[in-house]
Amino acid sequence: MTVFATAECTDALLPVVGAGLPVPLVTGASAPYANLDYAASAPALRAVAEHLATALPYYASVHRGAGYASQVSTALLENSRSCIGRFLGAREDDLVVFTRNTTDALNLLAHCVPRGGSVLYLDIEHHANLLPWQRRGDVVLEAAPTLRETLADVEAALAATPTALLAVTGASNVTGQLLPIRKLAEIAHRHGARIAVDAAQLAPHRRVSLTESGVDYLALSGHKLYAPYGTGVLVGRGDWLDAAPAHLAGGGAVREVGTTGTDWATGPARHEGGTPNVLGAAALARACEELATVGGEALAAHESALRQRLLAGLARLPEISVLSIWPGDAPDPTGAPVHSDKAEAAELEDDSIGVVSFTVAGYHAGWVAAYLSAEHGIGVRDGRFCAHPLVGKLGLAADGAIRASFGVGSTSADVDRLIGALHGLLTNGPAWEYELVDGRYRPVADPRPIPDFAGPRSAVTSPCQAG
Ligand code: PLP
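Residues numbered from 1 in each chain as written. Predicted model: local features only at pLDDT ≥ 70, side-chain atom pairs only at ≥ 80, totals over all residues. Heavy atoms only, no water.

Novice: Would you mind going over the overall build of the protein chain with me for this structure?
Specialist: Helix and strand content of the protein chain: 15 helices and 19 strands. Computed over its C-alpha atoms, the radius of gyration of the protein chain comes to 23 Å, within 12% of the 23 Å expected for a compact globule of 467 residues. Viewed in the frame of its principal axes, the protein chain has a C-alpha envelope of about 70 × 55 × 40 Å. Here the protein chain holds 467 residues, and 53% of them are scored as buried. At a minimum sequence separation of 6, the contacts of the protein chain that also span at least 24 residues come to 72%. If you sum the accessible surface of the protein chain, you get close to 19,800 Å²; carbon and sulfur atoms cover 54% of it. Distance between charge centroids for the protein chain: 4 Å, based on 34 positive and 48 negative side chains. (Helix = DSSP H or I, 4+ residues; strand = E, 2+ residues; numbered from the N terminus. Rg over C-alpha atoms; globule rule 2.2 N^0.38 Å. Buried < 20%, exposed > 50% of the residue type's maximum accessible area, 1.4 Å probe, protein only. Contact = heavy atoms within 4.5 Å. Areas by Shrake-Rupley, 256 points an atom, 1.4 Å probe, with all protein chains shown as cover. Lys, Arg positive; Asp, Glu negative; His and termini not counted. Charge placed at Lys NZ, Arg CZ, Asp CG, Glu CD.)

This is the structure we're talking about:
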């Protein structure tokens, strides 16, 4: 396509494991994998994989092991905790609690909210920041047609009802739009509430600091932050965490156990019952260090260049519509902020991370995703992205949408391939046939082999992915 002829090329910011991986196509050829599914799970940074290779020979039990390897592993775990806290601008008395992922971190926080305290959350959230509150019977607020009106509604809701916690996402996993967390923290605190930010999408793509933003709690997942080794964190104020029952009752969470009662630990240990995931913690810490070397501005500029390139390419295809949470703030097809007044845009953090969701008129989202993978070696996500209320509100409850997402390992070539593949589909149609099997589209008689180490192709589909 000629649309890219004059656009400046964007290279990867950091090396990732799997860059350029050849993947088979249904036509019998192969192509380097274009991973445009970072928002689901990002590839490991090469520095993270190397760090783990160094640490693995010393892997041993932590905290109570007398052996040398145990001492090394204990140091690694606790230094990783400090490193993650520093990266997230934690205050002196904040706790860094290791969890499995963001879902686990937010469920932990949900049971630490003081008894009787109510939580306010928006209907645009990922299920991880929606179901823990819905299950408690907390208060959901419908996002208004514009961000400004939504902020006013949040303020009014907090003023009307005493609220312990405002729980919001830092960046939408559906549209990539950022929420103004500093401003939301001010609003929450003005009304005596704390604020928890689901930073699953925010932290890998923008620098975020608890101290600078005033946010009370951050939750995030290692696998979205280039450290896919099974660890997440909840970071924030210690008082609620120390007063709540242990998240996982078991070894490590206690000081003394009798047959009739237990003296529970305080600090992170209280909620980290069982053997900790030392290597997951080390991976996340190493990823934080590596992102810190890049710096927030370079990170944002890299994603913004790719996002604008993608939006400009999509805008040339009239069959494609890009999703936005705030329909009153119509998205600019070139990716420019919708608020032309710079001060207002900055105040509202009117910006987006590298996540763009769209629909293609005449094609089911799942069909397009299958086509992109089978004929072009491009990985995207389709469906409702575990954000059913938001996607329903955008009128896409039946078919969902297609989501392209990128990060530090992404290049303009990845984006160009997506635009080229969509252009090819809309101009020439597909080269293969696709069928719906168990709710997922797939190539008829898919000839692509799965490598031996993975075993046979899996037919399992989670209801969230499918729907
Ligand atoms: N919050 C957001 C905004 C997300 O995008 C996701 C995952 O996609 C989650 C929470 C849940 O993350 P995890 O599955 O790692 O718990």
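Novice: Would you mind showing me how to read the pairing of strand β7 (residues 165-169) here?
Specialist: Strand residues, when the strand is regular, have side chains that alternate between the two faces of the sheet. Most of β7 sits inside the fold, with five of its five residues counted as buried. Both faces of β7 are covered, namely the face carrying Leu165, Ala167 and Thr169 and the face carrying Leu166 and Val168. The pairing of strand β5 (residues 119-122) with β7 spans three bridges and is parallel. Paired with valine 119 across the strands is leucine 165, a residue of β7. In this structure, β7 lies alongside strand β8 (residues 194-198), joined through five bridges in parallel fashion. The residue bridging leucine 165 from the neighbouring strand is arginine 194, located in β8. Assessed by its sense of winding, the connection that carries the chain from β7 through helix α6 (residues 181-190) to β8 is right-handed. (Pairing = 2+ DSSP bridges. Right-handed = clockwise from strand over helix to strand, strands pointing away.)

Novice: I would appreciate a short explanation of the sheet that holds strand β17 (residues 401-405) in the present structure.
Specialist: Here we have four strands laid out as an open sheet, ordered β13-β14-β17-β16, and antiparallel in their pairing. Of all the strands in the sheet, just β13 (320-322) and β16 (381-383) have a single pairing partner and so form its edges. Shown here is a sheet whose adjacent strand axes are inclined to one another by a mean of 30 degrees, direction ignored. Bridging between strand β14 (residues 355-360) and β17 involves four bridges; their strand directions are antiparallel. Residue pairing in the sheet places serine 357 in a bridge with arginine 403 of β17. Relative to β14, helix α10 (residues 296-315) is tilted by about 10 degrees, and along the sheet it contacts β13, β14 and β17. (Axes fitted to C-alpha atoms, helices over the stretch in contact; angles between N-to-C directions.)

Novice: What's the story with the nonpolar core in this structure? I'm lost.
Specialist: For soluble globular proteins, the rule of thumb is that nonpolar side chains tend to be buried together. Ile84, Leu88, Val154, Ile195, Val197 and Val233 are the most contacted members of the largest nonpolar core, which has 79 residues in total. For this core, the element with the highest residue contribution is helix α9 (residues 278-294), accounting for 11 residues. Counting contributing residues per domain, this core is built from domain 1 (22-43 + 296-454) and domain 2 (47-293), each supplying no fewer than three. Contact partners of valine 233, with chain neighbours within four places excluded, come to Ile84, Leu88, Val96, Val97, Phe98, Thr99, Ala105, Leu218, Ala219, Leu220 and Leu284. Leu306, Leu310, Ala370 and Ile378 belong to the second-largest nonpolar core, a separate cluster that totals 32 residues. (Core = buried A, V, L, I, M, F, W, Y, C linked by side-chain atoms within 4.5 Å. Domains from an automatic or database assignment.)

Novice: So what exactly am I meant to see when it comes to unusual backbone geometry here?
Specialist: The bulk of non-glycine residues show a negative phi, and the bulk of peptide bonds are trans. At tyrosine 226, a position not held by glycine, the phi torsion is positive, near 65 degrees. Relative to the helices and strands, tyrosine 226 is located in the loop between β9 (217-221) and β10 (232-237). Residue tyrosine 226 is classed as buried on the basis of its relative accessible area, which comes to 0%. A positive phi angle, near 45 degrees, is found at alanine 445, a position not held by glycine. Structurally, the position occupied by alanine 445 is in the loop between β19 (440-443) and α15 (463-466). Note on alanine 445: relative accessible area 61%, which makes it exposed.

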